[in-house]
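Each chain, written out:
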Amino acid sequence: MAIQWFPGHMAKARRQVTEKLKLIDVVIELIDARLPASSRNPMIDEIISHKPRLMLLNKADLADDKVTKEWIAYFEAQGHKVLAIDAQSGKGMKEIINACQELVKEKFDKMRAKGIKPRAVRALIVGIPNVGKSTLINKLAKKNIAQTGDRPGVTKAQQWIKVGKEIELLDTPGILWPKFEDELVGLRLATTGAIKDSIMNLQDITVYALRFLGERYPKRLEERYGITAITDDIVEAFDAIGKLRGCLMGGGDVDYDKVSDLVLRELRGGRLGRLTFERPIDLEVSTEGAPE
Ligand code: GDP
């Protein structure tokens, strides 16, 4: 589900997360492993500045393993605790409990020294829409708790979900907004299906996706669509795919909307392999780097 964010919504979402922060020891920040920069809230450091944080690169099953490792090293170098997981299958999730305990060790040791009895670590999951917050909560809880597509602005009594004896999780995640004002961020989020297609032009998203694949994963493009190079004239690529896969209009001309539908469906469905759309190096230099 995509949410239309307005300044009022953003302020409200931030207020809701800030309120929840008062109740917890650790923030679990969920990030899309395919978009570790674009799937983050631009103000996250400010919003949760004073809380220990565990970063989870979710949907790692869809991301390029090599690049996921680069991102883990990048965030670790910034002093963060970070794990790659797949919340749908549960892969990588065993380490979450330990990581949370490690993050609060100092605080809990101090509490113990003062004679305060040990208790479960209280955690809040935060992230942009569609990053997998509800999936993660359900997996950790081992049952269906959070409504997928939870909306900001809908308040209800907070409940704690026990994850073993060690962790208590707030049952509603904190929803934050991505960096919409950046067009590239919007295109990347749209390519992975994180924001609704109706928000952006389908053909624009596909142009971005094909250029990206041509630059970074050219072999995949060749294997699937027989395209050996993406030229300046992107229409050539649309024509080639349309003819190959029969995306045609009544008169036999290539139907560019059908091509866009096909390419995005296949890309999102993993038919072009595991893809990561940005690398740490992209944050430092403007060029996209060498192909695989
Ligand atoms: P939320 O809006 O952050 O609560 O996101 P959801 O939990 O509703 O997940 C959005 C979509 O991503 C759903 O279709 C999930 O099935 C899917 N999803 C969540 N986690 C994973 C994952 O680790 N791998 C894959 N492949 N899909 C996932």
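Scroll up to find the structure.
This one's a predicted model, so the numbers in the text were calculated from it and none came from an experiment.

Asks: How should the site of the ligand be read in this particular structure?
Replies: Taken together, 16 residues lie around the ligand, and Asp61, Gln88, Lys133, Ser134 and Thr135 are the ones closest in. Note that an oxygen atom of the ligand is positioned 3.3 Å from one of the backbone N or O atoms of valine 131. In this structure, an oxygen atom belonging to the ligand sits 3.0 Å away from a main-chain N or O atom of glycine 132. Against a free-state accessible area of 580 Å², the protein chains account for coverage of 80% of the ligand.

Asks: Can you walk me through the nonpolar core in this structure?
Replies: Here is a general trend for soluble globular proteins: nonpolar side chains tend to be buried in one another's company. Residues Ile28, Leu56, Ile96, Leu136 and Leu169 are the most contacted members of the largest nonpolar core, which totals 72 residues. Those residues within four positions of leucine 56 in sequence are excluded, and the remaining contacts are Ile28, Glu29, Leu30, Ile31, Leu83, Ile85, Ile96 and Leu136. Val27, Ile47, Val126 and Leu170 belong to the second-largest nonpolar core, a separate cluster that totals 15 residues.

Asks: How should I be thinking about the pairing of strand β3 (residues 81-84) in this particular structure?
Replies: Regular strands place side chains that alternate from one sheet face to the opposite one. Bridge count between strand β2 (residues 53-58) and β3: 4 bridges; the pairing is parallel. Of the residues in β3, the one forming a bridge with leucine 54 is lysine 81. Chirality of the crossover, the property in question, places the unit of β2, helix α3 (residues 65-77) and β3 among those that are right-handed.

Asks: Can you walk me through the pattern of salt bridges in this structure?
Replies: In a structure, side chains of opposite charge can pair up when their charged atoms sit close to one another. Within this structure, the stated rule accounts for 17 salt bridges. Note that lysine 22 and glutamate 19 form a salt bridge whose closest N and O atoms lie 2.9 Å from each other. What emerges from the salt-bridge pattern is a single network uniting Glu29, Arg40, Asp45 and Arg53.

Asks: What am I meant to see in the packing of aromatic side chains here?
Replies: What describes a pair of aromatic rings is the distance from one ring centre to the other and the angle between the planes of the rings. Counting across every chain of the model gives 7 aromatic pairs. Here the aromatic rings of tyrosine 74 and phenylalanine 75 are separated by 5.4 Å at their centres, their planes lie at 70°, and the arrangement is edge-to-face. Take tyrosine 74: its relative accessible area is 21%, and that puts it in the partly exposed class. When the centroid spacing of 6.2 Å and the interplanar angle of 20° are considered together, the rings of tyrosine 208 and phenylalanine 212 count as stacked. Of this pair, tyrosine 208 and phenylalanine 212 both sit in helix α8 (residues 202-216), separated by 4 residues, roughly a single helical turn. Overall, the relative accessible area of 11% leaves tyrosine 208 in the buried class. Cluster of aromatic residues (ring-pair linked, three or more members): Tyr208, Phe212, Tyr217 and Phe277.

Thresholds, definitions, all that
Residues numbered from 1 in each chain as written. Predicted model: local features only at pLDDT ≥ 70, side-chain atom pairs only at ≥ 80, totals over all residues. Heavy atoms only, no water. Near = heavy atom within 4 Å. Polar contact = N/O pair within 3.5 Å; in protein donor to acceptor, adjacent residues only side chain to side chain. Areas by Shrake-Rupley, 256 points an atom, 1.4 Å probe, with all protein chains shown as cover. Core = buried A, V, L, I, M, F, W, Y, C linked by side-chain atoms within 4.5 Å. Buried < 20%, exposed > 50% of the residue type's maximum accessible area, 1.4 Å probe, protein only. Contact = heavy atoms within 4.5 Å. Pairing = 2+ DSSP bridges. Helix = DSSP H or I, 4+ residues; strand = E, 2+ residues; numbered from the N terminus. Right-handed = clockwise from strand over helix to strand, strands pointing away. Salt bridge = Lys/Arg side-chain N within 4 Å of Asp/Glu carboxyl O. Phe/Tyr/Trp six-rings, centres within 6.5 Å; stacked < 30°, edge-to-face > 60°.

By themselves these figures say nothing about function.
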